[in-house]
Amino acid sequence: MCAKKMTYRDALKEAISEAMRNDSRVFLMGEDVARYGGTYAVTKGLAKEFGEDRIRDTPLSESAFTGAGIGAALGGMRPIVEIMTVNFSLLALDQIINNAATIRHMSGGQFRIPLVIRMATGSGKQLAAQHSHSLEVMYAHVPGLKVICPATVEDARGMLQAALDDPNPVIMFEHVSLYNMSDEIEDNTKVDLKSAKIRRSGEDITLITFGGSLHKTLQAAEELAAQNIDCEVLDLRSLRPLDHDAILASIRKTHRAVVIEEGWRSFGVAAEIMALVMEKAFYELDAPIARACGVEVPIPYAKHLEDASVPQVPDIVAKVQEVLNSDV
Amino acid sequence: MCAKKMTYRDALKEAISEAMRNDSRVFLMGEDVARYGGTYAVTKGLAKEFGEDRIRDTPLSESAFTGAGIGAALGGMRPIVEIMTVNFSLLALDQIINNAATIRHMSGGQFRIPLVIRMATGSGKQLAAQHSHSLEVMYAHVPGLKVICPATVEDARGMLQAALDDPNPVIMFEHVSLYNMSDEIEDNTKVDLKSAKIRRSGEDITLITFGGSLHKTLQAAEELAAQNIDCEVLDLRSLRPLDHDAILASIRKTHRAVVIEEGWRSFGVAAEIMALVMEKAFYELDAPIARACGVEVPIPYAKHLEDASVPQVPDIVAKVQEVLNSDV
Amino acid sequence: MSKDTLEKFSQEKCLKLFYEMLRIRRFEEKSAELYSAGKIRGFLHLYNGEEAIAVGVMEMLRDEDSFIGTYREHGHALARGVSMKSIMAEMYGKVEGCSRGRGGSMHLYDKEKKFYGGNAIVGGHLPLAVGLGLADKMQNRDVVTACFFGDGAVAEGEFHESLNLAALWKLPVLFVCENNFYAMGTQISREESQVDLCAKASSYNVKSVAVDGMDILSVMEETQKAIDYITKNESPYFLEFQTYRFRAHSMFDAELYRDKKEVEEWKKKGPIVRFKKLLEEQKWLDEAKIKEMEKKIATEIQASIEFAENGHWEPISHLTKDVYCEEM
Amino acid sequence: MSKDTLEKFSQEKCLKLFYEMLRIRRFEEKSAELYSAGKIRGFLHLYNGEEAIAVGVMEMLRDEDSFIGTYREHGHALARGVSMKSIMAEMYGKVEGCSRGRGGSMHLYDKEKKFYGGNAIVGGHLPLAVGLGLADKMQNRDVVTACFFGDGAVAEGEFHESLNLAALWKLPVLFVCENNFYAMGTQISREESQVDLCAKASSYNVKSVAVDGMDILSVMEETQKAIDYITKNESPYFLEFQTYRFRAHSMFDAELYRDKKEVEEWKKKGPIVRFKKLLEEQKWLDEAKIKEMEKKIATEIQASIEFAENGHWEPISHLTKDVYCEEM
Ligand SMILES: Cc1ncc(C[n+]2csc(CCOP(=O)(O)OP(=O)(O)O)c2C)c(N)n1
Ligand SMILES: Cc1ncc(C[n+]2csc(CCOP(=O)(O)OP(=O)(O)O)c2C)c(N)n1
Ligand SMILES: [Mg+2]
Ligand SMILES: [Mg+2]
């Protein structure tokens, strides 16, 4: 095995190009993926290798090209659809929920829809309320879909590979803050689409998060370590299916938790984690689980307001301290 | 004060026609609301009184006519938009989330959007996976919207009246099983858009629900009463804002709860209630809160499978017994 | 409908076409009865009056061609050769149904017959047809995908996006608009600012032609031309078949929006009476032959009912089977 | 651009028009500088090359007329008379901005000026324009709503739905397509199967005309005709202004998709150089006058920068203000 350093962006690109080389049924389409090189440059250069048939620029018509991805999957292809950001994916939500997620079951299992839909998510670039939201939870709610949020370079490649090997529609969220992140990764690492992963082992409290918030959470854990608070950091990686076992195992170990996410607080991802733990490990808790989530506001442009809209390292630190102080 | 008996459908109609008589800015638009008489006959006859300008049939274009409702509200009207069912509302979700919910905040408070969007929701009519879902939670997640689910005849009229008096976009869900329900209601009852209501007072456990599930829950409470289990039934009525005080007050009284809803279990409404209680009243609980929710499946056509997809009276009864037996 | 055209086809072929139309008509009539008897539930949309389209188009499609349609799709399924038994069982909600009882009347599917479903989101299947066409094109298969939809669907954004995509990418998709002049209770002139639907299709540079959809011979001729054109030019094609639905939109429709006289006028132009007259003039058909056909059809329908009656309910334990596809 | 047309306008008016275009150009150039200096953040879409459209259309609109546009809207705001200071402050994210710093470059709003915003979901504001027109029509106001959008938006379903609605309901909406031949990196011929956008608009029975958008005199003439037509016929109108964006799509765009030569060719046809030449030939304009203008503009821009620099950050405690509207 040999390791190499690459960015999150390049890890995605590697997974895509590898799959395209190995399987002629794989192709990618979306707005400005070919000639422009991809809004976040993930597909830059790929049209040159694979041609504009397989790296296919689409018109601005999210509903139709996402639906065409579903149709192409029904027709035996293995499409990757790139939607620029989750905000625009609302235009395609009818296709994703009413078609991609239902056709297999509704037809009595006759069809399969091996489709990967990739989209950017999250805030941090001062793009304001129509470009900055984190709507992962809406997708996580829907049976028939798989929903993944790779947060590391290794997972960007590995989870996209696994998604391309999966016979179901997989929605993949790429937090905009991650594309430039780089890391050394091994060749031939395999990731599945259902296992959460402990990113830092600890004894005092579990910090549960995913996607763009992982790195802030790890940083908070570092700061807390300096205060002799030993955090375990659990990266969910997949929201659907949700890795119940991993969550419960960590709770049984630390007996306390904070959930961190960028999405709006009410009816968000954190609520499900808290509900799950209440159902399955209530008596293991030494304190109520707390959540550090997005403020319930359309994310504003101004930097200080944008920053205040989503949990930052000090917010996470403060929440952890609060939970530890609330111990009975 | 004088009481009269009417159906949920007629209660809605009364609220609409009253508002239209009192305020020339109120109008209603949607598919087949005028000549056809409304898919669920709510607007039947109204075009005759108010004309087809104010009871306005629209083409099949959910996104544009919902957006036109937002625009008309910006332009000083007080539109009611009827979307046949929540399933089709996905086509309009971009307008609702990216425009209706954001414009006021994003413009620094310059504009108001006094708009009511009504839609049918829920299962029970064997309409299968593209017509039966309960997606209320997706709307409840979004700041900038108000989300209401009247479950009684009185609330159908009163909450619609209150919604029409509200300067914000209000999404109103009408469960398909309720339209034919009839009840005696007083004149001039006032309802707000933020208070939950105790539908049955009890000591042993709180059953928290809303919309179409209220009546099943009340029935379960009756059955449980026969077993000497005294249930309090709390009807949330509004999902956004969520009446934290009412929920917590009831928990402080009974110390146990089950949440009942038709929507899919994971990342659903129940999870938020459980998270809230964990945060605010953890030490009040004598047992973990349980949830009886929709099974995670696109709802099938066959009656027995459809029935099995959403919580029924026996499921609620069983959940309550389970919670009571799990007491420490 | 002229004798000249008739002579292009053999007597045998013509009798078969007549038989197929009659078979659909009788099947629909029986379905209505069974609905009233409570055997079929949910939404039921009948095809009476429009039979020439399904029969004519299916006659010209080749086995390798795919098709996809709406909730008003019994006729298409029957004409394609989906077994009547499996359709009836589906409407009964039995596991022997062509969608295992999960879809019901609106969601017939048959992978073997390349039938990608009855879809119940108006316009929602057009992107799927584009995707099926894309898959065929990318895999160099000589296949046409026929996509059936109503006049109402033309107003939806997905029509616009799909026609543009199909034309832009030169995909082998046959768009078949069944223009019965009403979308539920909305007459086409109250739905479309431009009622010439071919003018609409032309604005995407899609070749289009309006055809008398009550004349099965024209339906076949024009379909053949369309398939030839698609195959030769690798381009989509738009067929507008003008027709009329003789019955209410669904079993819930009181038909307040149209005149009984209008319906009666159209019935005189019905596809079955007109073809019958022509065949009788040609001395290819007589009462005895019709009687024989009626008998055969009645027997088949009866057998399908027995099959459905004797069918089984899917065990509730299988409810969540096929939400996901387990193996690749 | 001819002398004949020129003579319909006074020298004073023409110099004002020239001044306005120059003012926008200089403002955009400065914005680019400020972006590089990190003063402006997020997405910044410049209007260089397209100035004749905003200036020409705004010149013809009356004070009571409304307008709405895209993220590329600085020019429209300036031409309408939104204060440059408040625009600059907005891009700085200051509370003195026209959207209190919450919108940034993409979301300028000004209720006083009847400016319903910069919208950043491509096509998403067309339904709003329809609704504004509907409100005006229903309230018998003699108002036109101008809706600006790009060629890319034409591919979105909301274009289709909105044009149909506006035409069907005969609404006073002026659809202004700023066809700069590119949607980000996608050339119009790779976005639209029919590149004649007027043919598209006509397919809704909307009167439409294509205009040289680099010729401010034509822009004004055709806009006046359009407004007259809308007012007289109570019908929408579609203006396609052919233009070109001289700069990259946004500050992130490496312009891989077009030739530098193409850009240079278009620059020669720019609205400012051409009008300058004409005015000089007419002896209405000379270098001295231009110098004077430049000075005045520079002073205004400088003042706007100072205003923005001296502006304030909205207190974080106000973050959630105006998510909802409190009073009616
Ligand atoms: C997106 C969506 N909106 C509304 C409906 C409700 N609906 C079902 S059929 C129908 C009319 C469709 O008319 P048309 O396309 O002409 O088909 P037809 O029924 O006449 O065959 C409507 C409004 C729906 N199923 N989907
Ligand atoms: C629904 C949606 N999809 C994609 C985008 C990303 N995007 C922003 S501008 C743009 C190009 C729009 O081109 P056009 O409409 O021609 O306007 P122009 O930028 O040329 O003025 C794209 C793809 C978006 N903002 N909204
Ligand atoms: Mg129709
Ligand atoms: Mg453009």
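Predicted model only: the values in this text are computed from it and were never measured.

K.L.:
Help me understand the coordination of the magnesium ion (ligand 4) in this model?
P.N.:
For a metal bound by four donors in a tetrahedral arrangement, the ideal donor-metal-donor angle is 109.5 degrees, while six donors in an octahedral arrangement ideally sit at 90 or 180 degrees. All names here are of chain D. For the magnesium ion (ligand 4), the full set of protein donor atoms is D151 (OD), N180 (OD1) and Y182 (O), at a range of 2.0 to 2.1 Å. On the primary sequence, the residues serving as donors to the magnesium ion (ligand 4) are separated as D-x28-N-x1-Y. Here Y182 lies in strand β5 (residues 182-183) and D151 lies in the loop between β3 (145-150) and α7 (157-168), a separation of 31 residues in the sequence. No difference in accessibility class separates D151 from Y182, as the two residues are buried.

K.L.:
Explain the site of ligand 1 here, please?
P.N.:
Taken together, the neighbourhood of ligand 1 is formed by 22 residues, with E62 of chain B together with Y71, R72, A120 and G152 of chain C sitting nearest. Per-site note: the chains with residues close to ligand 1 are chains B and C. Interatomic distance of 3.2 Å between a backbone N/O atom of A153 of chain C and an oxygen atom of ligand 1. Burial of ligand 1 by the surrounding chains reaches 97%, relative to a free accessible area of 580 Å².

K.L.:
Hey, could you run me through the coordination of the magnesium ion (ligand 3) in this one?
P.N.:
All names here are of chain C. Ligation of the magnesium ion (ligand 3) by protein atoms is provided by D151 (OD), N180 (OD1) and Y182 (O), these donors lying 2.0 to 2.1 Å from the ion. Sequence positions of the residues that donate to the magnesium ion (ligand 3) give the spacing D-x28-N-x1-Y. With respect to class, N180 is no different from Y182; both count as buried.

K.L.:
Please clarify how the interface of chain C and chain B should be interpreted in this entry.
P.N.:
As a measure of interface size, the accessible area lost when the parts come together is often cited. Across the contact, 40 residues belong to chain C and 32 residues belong to chain B. Approximately 3000 Å² of surface area, both sides summed, lies buried where chain C meets chain B, with 65% of it carried by carbon and sulfur atoms. Interface area lost by chain C to chain B is led by M184, R190 and L319 of chain C, which between them contribute 22%. Scanning the region where chain C abuts chain B turns up 2 salt bridges.

K.L.:
Help me out: how do you make sense of the interface of chain A and chain B in this one?
P.N.:
Counting residues at the interface gives 51 residues for chain A and 51 residues for chain B. Interface area for chain A against chain B, summed over the two sides, is near 4900 Å², with a carbon-plus-sulfur share of 69%. Ranking the residues of chain A by area buried against chain B places H141, F267 and M278 of chain A at the top, with a combined share of 18%. If you look at where chain A meets chain B, you find 8 salt bridges. For R265 of chain A, the salt bridge goes to E279 of chain B, with nearest N and O atoms at 2.4 Å. Viewed at the interface, chain B and chain A are joined by 22 residue pairs in polar contact (both at pLDDT 80 or more). For the side of chain A that touches chain B, the elements supplying multiple residues, two or more each, are α5 (93-100), α6 (103-106), α7 (136-140), β12 (238-240) and α11 (269-281) of chain A. Among the residues making up the side of chain A that touches chain B, the classes are represented as 32 nonpolar, 11 polar and 8 charged.

K.L.:
Which parts of the structure should I look at to understand the relation of the copies chain A and chain B?
P.N.:
Both copies of the chain are related by one operation, a rotation about an axis with a shift along it. Mapping chain A onto chain B leaves a residual RMSD of 0.0 Å; the transformation is a rotation of 180 degrees accompanied by 0.0 Å of translation along its axis. Such a combination of turn and shift is consistent with a two-fold rotation axis. Counting the interface residues of chain A, we find that 100% of their copies in chain B are interface residues as well, pointing to one common contact surface.

K.L.:
What should I look at first to understand the pairing of strand β5 (residues 116-121) of chain A in this one?
P.N.:
Along a regular strand, successive side chains alternate from one face of the sheet to the other. All names here are of chain A. Among the 6 residues of β5, 6 are classified as buried, and the element is accordingly described as predominantly covered. Of the two faces of β5, the one holding V116, R118 and A120 and the one holding I117, M119 and T121 are both buried throughout. Two strands pair when backbone bridges link them, and strand β4 (residues 78-85) and β5 are joined in this way by 5 bridges, in the parallel orientation. Residue pairing across strands places E82 opposite R118, the latter belonging to β5. Relative to strand β7 (residues 170-175), β5 is paired through 6 bridges, and the arrangement is parallel. Among the inter-strand pairings, I117 is bridged to a residue of β7, identified as I171.

K.L.:
Mind showing me how you'd approach the sheet that holds strand β14 (residues 290-294) of chain A here?
P.N.:
Strand-to-strand pairing in sheets goes through backbone hydrogen bonds, with the strands running parallel or antiparallel. Residue and element names in this part refer to chain A. As summarised here, the arrangement of the 5 strands in space is β9-β11-β10-β13-β14, forming an open sheet in which the pairing is mixed. Edge positions in the sheet fall to β9 (197-200) and β14, since each of these pairs with one other strand and no more. Across the sheet, the mean angle from the axis of one strand to that of its neighbour is 25 degrees, orientation sign disregarded.

K.L.:
Is there a simple way to explain the domain arrangement of chain A in this structure?
P.N.:
Residue and element names in this part refer to chain A. When cut into domains, chain A gives domain 1 (3-186) and domain 2 (197-324). The straight-line distance from the C-alpha centre of domain 1 to that of domain 2 is 26 Å. Taken together, the contacts link 33 residues of domain 1 with 28 residues of domain 2. Note on domain 1 versus domain 2: buried area summed over both sides is about 2200 Å², and carbon and sulfur give 57% of it. Three residues stand out in domain 1 for area buried against domain 2, namely Q126, H133 and C149, and they jointly supply 24% of the buried area on that side. A salt bridge links R199 to D155, with the nearest nitrogen and oxygen atoms 2.6 Å apart. Where domain 1 packs against domain 2, one counts 17 residue pairs in polar contact (both at pLDDT 80 or more). Counting residues per element, the ones that place at least two in the side of domain 1 that touches domain 2 are α7, β6 (146-148) and α8 (153-164).

Basis of the calculations
Residues numbered from 1 in each chain as written. Chains lettered and ligands numbered in written order. Predicted model: local features only at pLDDT ≥ 70, side-chain atom pairs only at ≥ 80, totals over all residues. Heavy atoms only, no water. Donors = N, O, S within 2.8 Å, 3.2 Å for Na, K, Ca; no water. Helix = DSSP H or I, 4+ residues; strand = E, 2+ residues; numbered from the N terminus. Buried < 20%, exposed > 50% of the residue type's maximum accessible area, 1.4 Å probe, protein only. Near = heavy atom within 4 Å. Polar contact = N/O pair within 3.5 Å; in protein donor to acceptor, adjacent residues only side chain to side chain. Areas by Shrake-Rupley, 256 points an atom, 1.4 Å probe, with all protein chains shown as cover. Contact = heavy atoms within 4.5 Å. Buried area = accessible area lost by both parts, 1.4 Å probe. Salt bridge = Lys/Arg side-chain N within 4 Å of Asp/Glu carboxyl O. Nonpolar A, V, L, I, M, F, W, Y, C, P; charged D, E, K, R; others polar. Least-squares fit on C-alpha atoms with pLDDT ≥ 70 in both. Pairing = 2+ DSSP bridges. Axes fitted to C-alpha atoms, helices over the stretch in contact; angles between N-to-C directions. Domains from an automatic or database assignment.

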